[in-house]
Amino acid sequence: MTPLKLVGGFGSPYSRKMRALLRFRRIPFTWIMRGSTDDVGIPEVPVALIPVLVFPAEDGRADEAMIDSTFQIRRLEKMFPARSIVPPDPAIAFLDALLEDYADEWLTKPMFHYRWKYAADIHKASHVLALDRDPQMSRETLARTARFIAERQIERLRVVGSNDVTTVVIETSYRRLLSLLDAHLVAGNRFLMGARPGAGDFGFFGQLSQLAHFDPTPAAVAAAEAPRVVSWVSHLADLSALDVENVAWPSREDAASALLPFLVEVGRVYAPFLIANARALANRASEVRCEIDGLAWVQQPFPYQGKCLKWLREARETLSIADRNFVDSALESTGADAIFSASI
Ligand SMILES: N[C@@H](CCC(=O)N[C@@H](CS)C(=O)NCC(=O)O)C(=O)O
């Protein structure tokens, strides 16, 4: 078969998520660094985001390019049934999708925050990300490009809600997540989903490939407080050798109980944000203002995360009554239930 093409960046968590996922799934693909000399002939996508996944032409149709890792994953599931990363039990798949969404939409806040707040992190990312496109770049071009990238990204801190009010909430939520993952691994779980990885594992991996492995400030925190997580991230990057043919998914009871601490974390930080964000969007308010983890949170509304709340609710609605009851009981008293019950 003609390999797919994955166009992305080393410094992009969603690009790393998709590259690790394609490797685990043993789906043939070529990796193209966006903006490099290899980045030619890629069809246009509606919004200039990475990663872009290109499906080769077939039946007289042209190559087709798509964005958004979550939808890329779902399309791959339809095309390639082997080595699936979606649990067959719809209730577990729902919890997995919720954790993937938390990773993509909340963990990206610490990722972006650390990278563009602290001087050492800004220096590394602005220079290395520039060089990733062209390692032979002249020193003058590098200095100019690094300055351009840093200015543009620092200005975008407001988009993810990183500011003086929210710094403590963001940084403590990162440290807590490290300790939850450490405890989950030391309890004998190889992945969030037990003995084989789900979509949530790759969502966590994408953000942590930057936080725990690239950006100096959060990587030092991970090395000091959760070295096990640092190693886990190395493993997740390439699971092509992992044999899952006879590896069972967990029972729904085991999954719900092992994932409980993560669901509590979703309820603690992500649920109040999603609800306040959706309300601000509905009221056309200029700011999201709410309390997260007992502290003030303020940021500009984020339209995409308004859609995330809607998609999560739709996913719950499509469950059978028995599956929905199970999911509701798993979320009960985690705070994550508010995502589905709050009026907006
Ligand atoms: N929800 C999307 C998010 C993708 C995304 O936000 N990509 C960022 C980089 S990590 C991007 O391309 N930003 C535009 C830019 O860097 O020019 C996904 O899951 O793929």
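Owing to the predicted nature of the structure, the values given are computational and were not obtained by experimental measurement.

The rules behind these values
- Residues numbered from 1 in each chain as written.
- Predicted model: local features only at pLDDT ≥ 70, side-chain atom pairs only at ≥ 80, totals over all residues.
- Heavy atoms only, no water.
- Salt bridge = Lys/Arg side-chain N within 4 Å of Asp/Glu carboxyl O.
- Buried < 20%, exposed > 50% of the residue type's maximum accessible area, 1.4 Å probe, protein only.
- Domains from an automatic or database assignment.
- Contact = heavy atoms within 4.5 Å.
- Buried area = accessible area lost by both parts, 1.4 Å probe.
- Polar contact = N/O pair within 3.5 Å; in protein donor to acceptor, adjacent residues only side chain to side chain.
- Helix = DSSP H or I, 4+ residues; strand = E, 2+ residues; numbered from the N terminus.
- Nonpolar A, V, L, I, M, F, W, Y, C, P; charged D, E, K, R; others polar.

1. With respect to the pattern of salt bridges
- Using the criterion set out here, one finds 21 salt bridges in the structure.
- Where Arg158 meets Glu155, a salt bridge forms, and the shortest distance between an N and an O atom there is 2.8 Å.
- With a relative accessible area of 41%, Arg158 lands in the partly exposed category.
- Glu155 gets classed as partly exposed once you look at its relative accessible area, which sits at 43%.
- In the salt-bridge network here, residues are joined through shared partners; they are Glu58, Arg61, Glu64 and Arg75.

2. Section: the domain arrangement of the chain
- Taken domain by domain, the chain consists of domain 1 (4-79) and domain 2 (90-341).
- A C-alpha centroid distance of 21 Å is found between domain 1 and domain 2.
- If you look at the interface, domain 1 gives 21 residues, while domain 2 gives 26 residues.
- Counting each side, the surface lost to burial between domain 1 and domain 2 is near 1900 Å², with a carbon and sulfur contribution of 57%.
- As a salt-bridge pair, Lys17 and Glu100 come within 2.8 Å of each other at their nearest N and O atoms.
- Taken together, the links from domain 1 to domain 2 amount to 11 residue pairs in polar contact (both at pLDDT 80 or more).
- Going through the elements one at a time, α1 (13-25) and α2 (69-79) are the ones with two or more residues in the side of domain 1 that touches domain 2.
- Of the residues forming the side of domain 1 that touches domain 2, the biggest block, 8 residues, is contributed by α1.
- Among the residues making up the side of domain 1 that touches domain 2, the classes are represented as 9 nonpolar, 6 polar and 6 charged.

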